[in-house]
Amino acid sequence: MNVGQRVELTARIEALGNTAYPGDQGTVEGVHSGGSLTVRMDNGRTHFPTRDEVTALPEVPQEADQEMRAALERGRRNMREYLS
């Protein structure tokens, strides 16, 4: 695992009074000795799974991300024109 990598939990994790469940996703913020990770979940909370409790998500190529954003903007523009 690397810092910045997107991951999905494969186990239930409790940290700082909060629970994250299998399928929840986040971004690795820290990699520690012993296999522990610091993961900022998409809901903004931090959890500390081990490498065995996460699955790395495939990276979206930057070009695909740009294409998706452009398509979204075209859709928004079309909707604004339709509503006006």
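Residues numbered from 1 in each chain as written. Predicted model: local features only at pLDDT ≥ 70, side-chain atom pairs only at ≥ 80, totals over all residues. Heavy atoms only, no water.

Caption draft 1: Region of interest: a nonpolar patch on the surface. Where nonpolar side chains cluster on the molecular surface, the patch consists of M79, Y82 and L83 and spans about 410 Å² of accessible area. Secondary-structure assignment places L83 in helix 1 (residues 62-83). The class for L83 is exposed, based on a relative accessible area of 65%. (Patch = residues over 30% accessible without salt bridge, like charges linked within 9 Å, V, L, I, M, F, W, Y side chains within 5 Å. Areas by Shrake-Rupley, 256 points an atom, 1.4 Å probe, with all protein chains shown as cover. Salt bridge = Lys/Arg side-chain N within 4 Å of Asp/Glu carboxyl O. Helix = DSSP H or I, 4+ residues; strand = E, 2+ residues; numbered from the N terminus. Buried < 20%, exposed > 50% of the residue type's maximum accessible area, 1.4 Å probe, protein only.)

Caption draft 2: Highlighting the sheet that holds strand 7 (residues 54-56). Across the sheet, five strands lie side by side as 6-5-4-1-7; this open sheet has antiparallel pairing. Here the strands that pair on one side only, and so sit at the sheet edges, are strand 6 (46-47) and strand 7. Examined bridge by bridge, strand 5 (residues 37-41) and strand 6 share two bridges and lie antiparallel to one another. Bridged to R40 within strand 6 is T46. (Pairing = 2+ DSSP bridges.)

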